[in-house]
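Here's the letter readout for the chains.
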Amino acid sequence: MAADNKKHRKPAISMTRSDHERLSLLTESFAERNPAVAEQLFAELDRARLVADGRLGDNIVRMGSTLRFTTDAGEDRTVTLVFPGEADIAAGKISILTPIGAALIGLSAGQSIDWASRDGRSHRLTVESVGEAPATAGVDAVSEN
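Novice: Go over the pairing of strand 6 (residues 112-116), please, and point to the residues and values.
Specialist: For strand 6, the buried fraction is high: 4 of the 5 residues fall into the buried class. The turn joining strand 6 and strand 7 (residues 122-130), which pair antiparallel and follow one another in sequence, is formed by 5 residues; a positive phi near 90° is taken by Gly120.

Novice: Account for the environment of Ala103, naming residues and giving values.
Specialist: Examined against the element boundaries, Ala103 turns out to sit in helix 4 (residues 99-104). Separated by 10 residues in sequence, Ala103 and Ile113 have C-alpha atoms that sit 7.1 Å apart. Beyond its immediate stretch of four places on either side in the chain, Ala103 contacts Gln40, Ile113 and Trp115.

Novice: Just give me the short version of the nonpolar core, but keep the residues and values in it.
Specialist: Ranked by size, the top nonpolar core spans 31 residues in total, and within it Leu23, Leu67, Ile96, Leu104, Ile105, Leu125 and Val127 carry the most contacts. Residue assignment for this core shows that the elements contributing at least two residues are helix 2 (17-30), helix 3 (35-47), strand 3 (66-71), strand 4 (76-82), helix 4, strand 6 and strand 7. Excluding residues within four positions of it along the chain, Leu23 makes contact with Met15, Leu45, Met63, Phe83, Ile96 and Ile105.

Novice: Tell me about the sheet that holds strand 7, and please be specific about residues and values.
Specialist: Read across the open sheet, the 5 strands follow the order 5-4-3-7-6; overall the sheet is mixed. The open sheet has two edge strands with one neighbour each: strand 5 (93-95) and strand 6. Taken over all neighbouring pairs, the strand axes of this sheet differ in orientation by 45° on average, direction set aside. The pairing of strand 6 with strand 7 spans 5 bridges and is classified as antiparallel.

Novice: Describe the pattern of salt bridges, listing the residues and the values that go with them.
Specialist: In the structure shown here, the tally under the stated rule is 7 salt bridges. Notably, a salt bridge pairs Lys10 with Glu44, separated by 2.9 Å at the nearest N-O pair. Residue Lys10 is found in the loop between helix 1 (2-8) and strand 1 (14-16), and its partner Glu44 is found in helix 3; the two are separated by 34 residues along the sequence. Residue classification places Lys10 among the partly exposed positions, given a relative accessible area of 38%. For Glu75, the salt bridge goes to Arg77, with nearest N and O atoms at 3.6 Å. Classification of Glu75 as partly exposed rests on a relative accessible area of 35%. Connected through shared salt-bridge partners, Lys10, Glu44 and Arg47 make up one network.

Novice: Hey, could you go over the pairing of strand 4 for me, with residue numbers and the actual values?
Specialist: Here 5 bridges tie strand 3 to strand 4, and the two strands are oriented antiparallel to one another. Within the sheet, the bridge partner assigned to Leu67 lies in strand 4 and is Val79. Linking strand 3 to strand 4, which pair antiparallel, is a turn of 4 residues; within it Gly74 sits at a positive phi near 90°. Across 3 bridges, strand 4 lies against strand 5 in parallel orientation. Within strand 5, the position partnered with Leu81 by the bridge is Ile94.

Novice: Explain the environment of Arg121 residue by residue, including any values.
Specialist: Assignment of secondary structure puts Arg121 in the loop between strand 6 and strand 7. Judged by relative accessible area, which is 52%, Arg121 ranks as exposed. Among all residues touching Arg121, those that are not within four sequence positions of it are Trp115 and Ala116. Within the structure, the side chain of Arg121 is placed 2.8 Å from the side chain of Asp119, a separation counted as a polar contact.

Definitions and cut-offs
Residues numbered from 1 in each chain as written. Predicted model: local features only at pLDDT ≥ 70, side-chain atom pairs only at ≥ 80, totals over all residues. Heavy atoms only, no water. Buried < 20%, exposed > 50% of the residue type's maximum accessible area, 1.4 Å probe, protein only. Helix = DSSP H or I, 4+ residues; strand = E, 2+ residues; numbered from the N terminus. Pairing = 2+ DSSP bridges. Contact = heavy atoms within 4.5 Å. Core = buried A, V, L, I, M, F, W, Y, C linked by side-chain atoms within 4.5 Å. Axes fitted to C-alpha atoms, helices over the stretch in contact; angles between N-to-C directions. Salt bridge = Lys/Arg side-chain N within 4 Å of Asp/Glu carboxyl O. Polar contact = N/O pair within 3.5 Å; in protein donor to acceptor, adjacent residues only side chain to side chain.

That is the geometry; function is a separate question.
Here is the structure:
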């Protein structure tokens with residue numbers, strides 16, 4: 001039983017204070033439209049360790065980060081985590097307001113997390129690498145929703 005509990009324990013995550021503030025506002029405005037995803041993102045925001053802007057390591061997923069991840073289903077993808085108005089699946093831009101986007105925020109290279117897809121199936125993904133995020137990623141994106 002202890003091994004099963006450990007499998008589902010979420011890894012420690014970190015995020016900048018500005019990302020936390022912007023994502024909190026965005027999630028509040030989105031909560032009525034999609035309560036399940038909003039609840040997931042609120043949970044991630046609540047458990048995140050907040051750090052000053054400019055003090056987050058380059059290997060941690062933040063808004064605007066381009067990262068590579070693998071899944072338990074053998075998928076290997078490179079994506080950019082973006083605000084909803086910038087999302088474009090064909091271009092590899094994943095919205096923070098999707099189950100996988102909410103799961104990715106704050107993870108660092110080497111960390112894994114379980115997440116539920118929109119059809120309810122459980123998956124496990126592992127962040128393989130994280131590229132540097134632009135310093136101004138999503139500055140005006142909260143108003144784009």
